[in-house]
Amino acid sequence: MRTKLLAGNWKMNKRISELAPFFDAFATEAGIDRDPGLVKKVEVLFAVPYPLLAQATQLAKKHGIHIAAQNVHWEASGAFTGEVSFGMLQELGINATLIGHSERRQYFGETDETVAKKVKAALAAGFTPIACVGETLAERDSGKTESVVTRQVTSILGAASPDPGRLVIAYEPVWAIGTGRSATSAQAQEVHALIRRLVREQLSPAAGDRMRLLYGGSATPQNIDELLAQGDIDGGLVGGASLKPADFAKMVRSGLAR
Ligand code: PEP
């Protein structure tokens with residue numbers, strides 16, 4: 001049985017002063033205050049901007065919520081202006097990070113190769129990497145979804161072999177991110193089933209059974225139930241809706257009901 005994971009991606013949003021009111025409202029809405037054991041049944045994580053990490057970690061701890069970075073560099077230290085290492089994150093009590101979000105691939109030149117280096121370094125550092133894959137609209141429309149996702153996942157699994165640790169893969173069709181146009185649950189399940197098959201074939205059947213696969217792309221309180229009802233979808237990576245405590249709390253409750 002894979003524990004559901006609801007991960008919020010705040011992107012470049014929110015300020016330190018908003019953290020405490022946000023987490024208090026979220027914990028109340030989600031029912032964590034009344035039932036602290038809830039976060040054992042469904043895992044909750046927020047990937048927040050670097051300057052918010054230290055304070056978010058302190059504040060989230062009392063609610064049993066996890067905090068993650070949105071990006072990291074694979075080297076331990078050196079002349080990499082503007083970058084942050086795993087060791088630096090560890091000092092803040094962080095042990096999870098997004099890797100290769102499509103916005104990083106699209107705007108900041110991330111490639112399958114850099115994503116693979118980060119996944120490898122993350123596992124070596126004992127982190128939970130949440131590695132993102134997904135096709136563009138042009139790729140979907142030209143029938144390339146399977147080949148693109150297979151290429152991206154194969155590269156990630158190569159870096160995670162032989163032991164994927166706590167690796168999570170998020171399938172996020174680029175055309176669905178921040179557009180209000182979610183993949184249908186059938187479209188999402190089809191790609192998740194493909195990813196799980198690749199994990200089974202390229203790592204092991206046990207890794208395929210164990211690895212959590214998240215869906216991301218305009219997931220909301222309205223469509224999350226149907227997405228989470230799919231056999232290979234183990235949670236969500238949620239952008240816009242994770243900025244609103246009541247909306248994200250509803251989505252966590254949906255995860256609890258599964
Ligand atoms: C994301 O940022 O990973 C994402 C899926 O965004 P949204 O939910 O806003 O589409």
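Notes on the structure in this doc start here. Numbering of residues begins from 1 in every chain and follows the order in which that chain's sequence is written. Thresholds applied to this predicted model are a pLDDT of at least 70 for local features of residues and 80 or more for the giving and counting of side-chain atom pairs; totals over whole chains, interfaces and linings are not thresholded and use all residues. The side-chain numbers reported here are obtained from all heavy atoms of the structure, hydrogens and water having been left aside.

Before going further, it helps to spend a moment on the sheet that holds strand β8 (residues 235-238). The pairing criterion for strands is at least two bridges between them, as found by DSSP. Note on conventions: DSSP H or I runs of at least 4 residues are helices, E runs of at least 2 residues are strands, and numbering of each starts at the N terminus. Strand order across the open sheet formed by eight strands is β3-β2-β1-β8-β7-β6-β5-β4, with parallel pairing between neighbours. Edge strands, defined here as strands with exactly one partner in the open sheet, are β3 (66-68) and β4 (96-99). Across the sheet, the mean angle from the axis of one strand to that of its neighbour is 25°, orientation sign disregarded. Here strand β6 (residues 168-171) runs beside strand β7 (residues 212-216); their pairing, made up of four bridges, is parallel. By the bridge assignment, Ile 169 is partnered in β7 with Leu 213. A contact between two residues is defined here by any heavy atoms of the two lying within 4.5 Å. Whenever a helix is involved, its axis is fitted only over the stretch in contact; in every case the axis is a line through C-alpha atoms, and angles between N-to-C directions fall within 0 to 180 degrees. Contacting β5 (128-133), β6 and β7, helix α9 (residues 185-202) runs over the sheet at an angle of about 150° to β7.

Right, let's get into the side chain of Gln 189. Mapped onto the elements, Gln 189 comes out in helix α9. Setting aside anything within four residues of it in sequence, one finds Gln 189 in contact with Gln 230, Gly 231, Asp 232 and Ile 233.

The next thing to look at is the site of the ligand. The local shell around the ligand holds 14 residues, among which Lys 11, Glu 172, Gly 178, Ser 218 and Gly 239 are the closest. Compared with its free state, where it exposes 290 Å², the ligand has 95% of that area covered by protein. Any residue with a heavy atom lying within 4 Å of a molecule or strand is counted as near it. All accessible areas in this document rest on Shrake-Rupley with a 1.4 Å probe, and a residue is counted as covered only by the protein chains that are shown.

As a further point, take the pairing of strand β1 (residues 4-9). Working definition: with a 1.4 Å probe on protein chains only, accessible area under 20% of the residue-type maximum means buried, over 50% means exposed, and in between means partly exposed. The buried fraction of β1 is high, at six of six residues. Judged from the six bridges that link them, β1 and strand β2 (residues 42-47) form a sheet pairing that is parallel. Pairing of Lys 4 across the sheet is with Val 42, part of β2. Pairing of β1 with β8 involves four bridges; the strand directions are parallel. Residue pairing across strands places Ala 7 opposite Leu 237, the latter belonging to β8.

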